[in-house]
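# Observations on the three-dimensional arrangement
Next come the chains, spelled out residue by residue.
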Amino acid sequence: MSRKPVVLITGANGEVGHGLIHALADSGRYDIVALDLRELDSAIAPRCVDTVVGDILDENLLGRLATEYEISTIFHLAALLSTRAEYNPEQAHRVNVEGTLSLLRMAVEEGRSRGTWVKFLFPSSIAAYGLPDLETKRQAGRVAEHEWNTPTTMYGCNKLYCESLGRYYSQHYRRLAPQSAPGGVDFRCVRFPGLISAFTVPSGGTSDYLPEMIHAAARGEAYPCFVREDTRITFMAMPDAIRALLGLMEAPADALTSRVYNVGAFSPTAGEFAEHVQRAFPGAEIRFAPDAPRQGIVDSWPEDVDDGRARHDWGHEPEYDLERALAEYLVPNIRKRYGCSKEGEVCMGE
Ligand code: AKB
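Once that is clear, we can look at the overall build of the protein. The helix and strand inventory of the protein stands at 12 helices and 13 strands. Relative to the compact-globule value of 20 Å for 350 residues, the protein shows a C-alpha radius of gyration of 20 Å, a close match. Overall, the C-alpha framework of the protein stretches about 65 × 45 × 40 Å when taken along its three principal axes. In the protein, buried positions account for 55% of the 350 residues.

This is the structure:
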């Protein structure tokens, strides 16, 4: 039986999965198999050759997929985000670490059995950093990949460790075995900042305050922001995040000097972003009601990242700075989504 080469996307129903499936399908070059715990959103399901409802922790399911398909690339997006992970750290470890381990093993075996390299795209996060206090955070400014690798959340610990697992499975897997077969897994990772999409609202993360704020304003709902007005971390508009994943996937292996790359775009404070939102949706009710534990998480994440390595090695270049993201992507699409027709109109309900 000849198997079909496919791109496997785990956690396909999430925010990144939506944008990624559209981009890969639009290119017309890839057959997509989507895996998620929940049935795939009907907006993206028709764009995939197969949609599978199941758990990445189910080894039999992964075995079945590897038998049925020739998997050339994996985008492993399934994860429990930082806030959710703090409520159930052991479950987060199972999903975020053991799930990644199973997929890396599947990829390395798939690659070695065919004598090829299976690309493994992994979204890591600014949660992999952990700055001890605000003074240090302010002084640190733009942090490079090797700095402040002392995460304070379960999610951050999971991401940082999975970066190491990816390096191990790509370069050193079973290094003492008598003969290593050619091929294996080619792990490539972007450390994402907070992401903001016009089409989906995140859940379970701690950078969620920015997207929640603008979506609430468009719905005409008051928003109590769970961080202080002066809170600053780095963000990126979803189309740039998708471009980053695709850019790294397509980069020639010999251009890459690392397996882990920072990517960033803009770093407004929560207060600055609120001012933009109020200009776009006059009357939007935003107040600051910091939640100390979640504030502590965001305070440990960097204000900005040094993404020079990504720019140099594979041409990472975000198209959206804050002003452009708001004017050309977020505000028009969010207005349309919630049915606001006129500029400045606050809309009620979805
Ligand atoms: C989260 O808030 O957990 C994520 C992230 C910063 O990786 N959005």
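A few words now on empty space enclosed by the protein. Throughout the structure, instances matching the rule amount to 1 cavity of 30 Å³ or more. If you add up the space inside the largest cavity, you get close to 40 Å³. Secondary structure elements with two or more residues in the lining of the largest cavity: α4 (89–114) and α6 (154–171). For the lining of the largest cavity, the class distribution of residues is 5 nonpolar, 4 polar and 1 charged.

Here we come to the packing of helix α7 (residues 209–219) against helix α9 (residues 270–280). Closest axis-to-axis distance for the α7/α9 pair is 10 Å, and the angle between their directions is 20°. With respect to α9, the axis of α7 lies roughly parallel. Of the two elements, α7 crosses α9, and the hand of that crossing is right-handed. Across from Y209, L210, M213, I214 and A217 in α7, the residues of α9 making contact are A270, F273, A274 and V277. Tallied by class, the residues present in the contact of α7 with α9 amount to 9 nonpolar, no polar and no charged.

The next subject is the packing of aromatic side chains. Counting across every chain of the model gives 10 aromatic pairs. Judged by centre distance (6.1 Å) and plane angle (65°), the ring pair of F199 and Y329 falls under edge-to-face. One end of the pair, F199, is in the loop between β8 (194–196) and α7; the other, Y329, is in helix α12 (residues 322–337), and 130 residues separate them in sequence. One cation-aromatic arrangement involves R191 over Y129; the distance from NZ or CZ to the ring centre is 4.9 Å. The ring of F281 is capped by R335, whose NZ or CZ atom sits 5.5 Å from the centre of that ring.

If you check the backbone angles, W148 has positive phi at about 50° while not being a glycine. Considering the arrangement of structural elements, one finds W148 in the loop between β6 (142–143) and α6. Positive phi, close to 50°, is recorded for R174, a residue that is not glycine. Along the chain, R174 falls in the loop between α6 and β7 (184–192).

Glancing now at the state of the cysteines. As enumerated under the stated definition, the model contains 0 disulfides in all. There is no disulfide at C157, and the cysteine sulfur nearest it, in C162, is 11 Å away. Classification of C157 as partly exposed rests on a relative accessible area of 35%.

How each quantity is defined
- Residues numbered from 1 in each chain as written.
- Predicted model: local features only at pLDDT ≥ 70, side-chain atom pairs only at ≥ 80, totals over all residues.
- Heavy atoms only, no water.
- Helix = DSSP H or I, 4+ residues; strand = E, 2+ residues; numbered from the N terminus.
- Rg over C-alpha atoms; globule rule 2.2 N^0.38 Å.
- Buried < 20%, exposed > 50% of the residue type's maximum accessible area, 1.4 Å probe, protein only.
- 1 Å grid on protein atoms, 1.4 Å probe; cavity = no way out; pocket = protein on both sides within 12 Å on 5 of 7 lines; lining within 4 Å.
- Points joined across faces, edges and corners; volume = space filled by probe spheres on them.
- Nonpolar A, V, L, I, M, F, W, Y, C, P; charged D, E, K, R; others polar.
- Axes fitted to C-alpha atoms, helices over the stretch in contact; angles between N-to-C directions.
- Parallel < 35°, antiparallel > 145°, perpendicular 65-115°, else oblique.
- Left-handed = near helix turned anticlockwise from the far one by under 90°.
- Contact = heavy atoms within 4.5 Å.
- Phe/Tyr/Trp six-rings, centres within 6.5 Å; stacked < 30°, edge-to-face > 60°.
- Lys NZ or Arg CZ within 6 Å of the ring centre and 35° of its normal.
- Disulfide = S-S within 2.5 Å.

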